[in-house]
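Observations on chain architecture
Below, each chain spelled out in residue letters.
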Amino acid sequence: VNAAPPHGHVICSQRWRNAAVLQGLKGVIILFEDELGLADFHLPNRTAILYVSECDIIAGNGYKRKLVCYRNACSRFQELVLVERTRLTEQYFSAVQKFVLFDLGLTLLPVGGQVEASQLIAQISSENPFRRRTPRRLLEPSVLALVQHIPGVGRVKALTLLQHFPSIQQVCNASVAELEPIVGQTSAQQVHSFFHKPLVEH
DNA sequence: TGAATTAGTTA
DNA sequence: TAACTAATTCA
């Protein structure tokens with residue numbers, strides 16, 4: 001299946017039937033598909049998502065093989081990798097991140113669990129690819145809420161941040177230097193750490 | 001340093 | 001939700 005789903009739809013691999021991630025996708029029509037390759041979701045704006053769960057990471061290095069295949073398989077979609085970052089995966093997160101970002105060159109977004117993932121999926125699929133460049137875009141409440149969960153980022157900084165980087169992906173890919181003039185030095189570091197550094201104890 | 005902002009608490 | 005407050009951050 002190499003065609004992107006129509007607007008408002010999400011193609012979902014059969015193995016996610018009855019999963020919690022689908023319950024957060026309200027207002028989205030979910031089409032189940034057997035042959036989605038390695039991807040777990042296909043979104044209308046030609047985004048493919050591979051979900052690396054807590055179990056995948058803890059189970060060993062098998063996920064790497066899956067990621068490599070994923071990287072090499074579906075070329076007509078923009079490949080995105082959602083990685084569960086939890087207490088259990090904390091110690092492995094840095095390694096997963098390096099592998100995904102540096103070795104494979106894919107975009108990685110950390111999520112706390114399936115609920116958070118569903119918010120991201122809803123947000124990403126609501127992005128109309130034909131309107132991506134419009135200067136003023138309605139702010140998705142879910143994105144705003146998510147961004148405000150970053151330490152040091154409240155209402156004001158979340159708003160200004162999303163004016164410069166309208167999507168989560170853009171915020172994620174922003175460097176500290178790009179972030180600094182927008183949210184200040186301290187928060188710039190915190191935002192970057194939120195997406196790029198493993199959780200630190202203490 | 002003063003203003004602005006965050007984040008937690010309370011009603 | 002709104003208002004208040006302590007602590008932090010910014011210019």
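This text goes with the structure placed above it.
All of the points below concern the structure found in this document. Just so it is clear, the structure is predicted and the values come from calculations on it, not from any experiment.

1. Observations regarding the protein's contact with DNA strand C
Around DNA strand C, the surrounding shell consists of V183, G184, Q185, T186 and S187. Separating a phosphate oxygen of DNA strand C from a backbone N or O atom of Q185 is a distance of 3.1 Å. Residue T186 places a side-chain N or O atom 2.9 Å away from a phosphate oxygen belonging to DNA strand C. For the surface near DNA strand C, the leading source of residues is helix α10 (residues 185-196), giving three residues. When its residues are assigned to classes, the surface near DNA strand C shows one nonpolar, four polar and no charged.

2. Some details on the pairing of strand β5 (residues 78-84)
Most of β5 is tucked away, with six of its seven residues classed as buried. As defined by bridge partners, β5 adjoins strand β6 (residues 107-111) across five bridges and the pair is classed as parallel. Directly across from E84, in β6, lies its bridge partner V111. In this fold, β5 hands off to helix α4 (residues 90-103), which returns the chain to β6; that crossover is right-handed.

3. Overview of a nonpolar patch on the surface
A contiguous nonpolar patch, built from I58, L88 and Y92 and spanning about 270 Å² of accessible area, is present on the exposed surface. Within the secondary structure, L88 is located in the loop between β5 and α4.

4. Details of the pattern of salt bridges
Under the defined criterion, the tally for this structure stands at two salt bridges. One salt bridge in this structure joins D40 and R15, with 3.0 Å as the shortest N-O distance. Separated by 25 residues along the polypeptide, D40 in the loop between β2 (29-33) and β3 (41-43) and R15 in the loop between β1 (9-13) and α1 (20-23) bring together distant segments of the chain. Exposure remark for D40: the relative accessible area of 2% places this residue in the buried category. K66 serves as the salt-bridge partner of D56, at 3.9 Å between the closest nitrogen and oxygen. With D56 in helix α2 (residues 54-58) and K66 in helix α3 (residues 62-73), the pair connects residues that are 10 residues apart, well separated along the chain.

5. Overview of the packing of helix α9 (residues 176-183) against α10
At a closest axis distance of 7 Å, the pairing of α9 and α10 adopts a crossing angle of 135 degrees. It follows from the interaxial angle that α9 and α10 lie oblique. Two packed elements cross with a definite hand, and for α9 against α10 that hand is right-handed. Taking contact as the criterion, the partners of V176, L179, E180 and V183 in α9 are, on α10, Q185, S187, A188, Q189, V191 and H192.

6. What to know about the protein's contact with DNA strand B
Taken together, the residues surrounding DNA strand B are P151, G152, V153, G154, R155, V156 and K157. Here, DNA strand B places atoms within 4 Å of the protein, and 100% of those atoms are sugar or phosphate. Contacts to DNA strand B include V156, whose backbone N or O atom sits 3.1 Å from a phosphate oxygen. Contact distances for DNA strand B include 2.9 Å between a phosphate oxygen and a backbone N or O atom of K157.

7. Side note on the environment of S118
With respect to the helices and strands, the residue S118 is situated in helix α5 (residues 114-125). Separated by 98 residues in the primary sequence, S118 and A20 have C-alpha atoms spaced 8.4 Å apart. Discounting chain neighbours no more than four positions away, the residues touching S118 are V21, G24 and L25.

8. Here's the deal with the nonpolar core
Grouped together as the largest cluster of nonpolar side chains are 41 residues, with contacts concentrated most on F41, L82, L109, I121, V147, L161 and F195. In terms of domain composition, this core takes at least three residues from each of domain 1 (1-133) and domain 2 (139-202). In this structure, F195 is in contact with Q97, L109, P110, I150, I168, V171 and C172, ignoring residues within four places of it in sequence. In this structure, L50, V96, V100 and L108 belong to the second largest nonpolar core, which totals 18 residues.

9. Thoughts on the packing of helix α7 (residues 155-164) against α9
A pair of packed helices is captured by two measures, namely the crossing angle of their axes and the spacing between those axes. At a minimum axis distance of 10 Å, the contact between α7 and α9 shows a crossing angle of 130 degrees. For the element pair α7 / α9, the angle class is oblique. Crossing of α7 over α9 shows right-handed handedness. Contact residues: α7 offers K157, T160, L161 and H164, while α9 offers L179, I182 and V183. Class assignment for the residues of the contact of α7 with α9 results in four nonpolar, two polar and one charged.

Criteria and thresholds
- The written sequence of each chain sets the order in which its residues are numbered from 1.
- For this description, chains carry letters from A and ligands carry numbers from 1, given in the order in which they are written.
- For a predicted model such as this one, the threshold for reporting local features is a pLDDT of at least 70, and the threshold for listing and counting side-chain atom pairs is 80 or more; totals across whole chains, interfaces and linings nevertheless cover every residue.
- No hydrogens and no water enter the side-chain calculation; it runs on all heavy atoms of the structure.
- A cutoff of 4 Å decides nearness: a residue is near a molecule or strand if any of its heavy atoms lies inside that distance of it.
- Identification of polar contacts relies on pairs of N or O atoms within 3.5 Å, with a donor-acceptor requirement for protein atoms, meaning one able to donate a hydrogen and the other able to accept it, and with residues adjacent in sequence counted only if both atoms are side-chain atoms.
- Put simply, DSSP marks the helices as runs of H or I at least four residues long and the strands as runs of E at least two long, and each gets a number from the N terminus on.
- Amino acids outside the nonpolar list (Ala, Val, Leu, Ile, Met, Phe, Trp, Tyr, Cys, Pro) and the charged list (Asp, Glu, Lys, Arg) are all regarded as polar, and Gly is one of them.
- Each residue gets one of three labels from its accessible area relative to the maximum for its type: buried under 20%, exposed over 50%, partly exposed in between, using a 1.4 Å probe on protein chains only.
- Should DSSP find at least two bridges between two strands, the strands are regarded as paired.
- By definition, the crossover connecting two strands over a helix is right-handed if that path, from the first strand to the second, turns clockwise as seen with the strands pointing away from the viewer.
- Think of a patch as exposed residues, more than 30% relative accessible area, with no salt bridge, where like charges cluster within 9 Å and nonpolar side chains (Val, Leu, Ile, Met, Phe, Trp, Tyr) cluster within 5 Å.
- Where accessible areas are quoted, they stem from the Shrake-Rupley method and a 1.4 Å probe; at the residue level, only the protein chains shown are allowed to cover.
- We count a salt bridge whenever a side-chain nitrogen from Lys or Arg sits within 4 Å of a carboxyl oxygen from Asp or Glu.
- To get an axis, fit a line to the C-alpha atoms, keeping to the stretch in contact for a helix; angles then go from 0 to 180 degrees between the N-to-C directions.
- Oblique is the label for any angle not covered by the other classes, which are roughly parallel (under 35 degrees), roughly antiparallel (over 145) and roughly perpendicular (65 to 115).
- Crossing handedness is defined as follows: a turn of the near helix away from the far one that is anticlockwise and smaller than a right angle gives a left-handed crossing, while the clockwise case is right-handed.
- Here a residue-residue contact requires only that any non-hydrogen atoms of the pair lie within 4.5 Å.
- We define the nonpolar core as a collection of buried residues of types Ala, Val, Leu, Ile, Met, Phe, Trp, Tyr and Cys that are connected through side-chain atoms lying within 4.5 Å of one another.
- Annotation comment: domain bounds sourced from an automatic or database domain assignment.

Function cannot be inferred from these measures alone, as they are strictly geometric.
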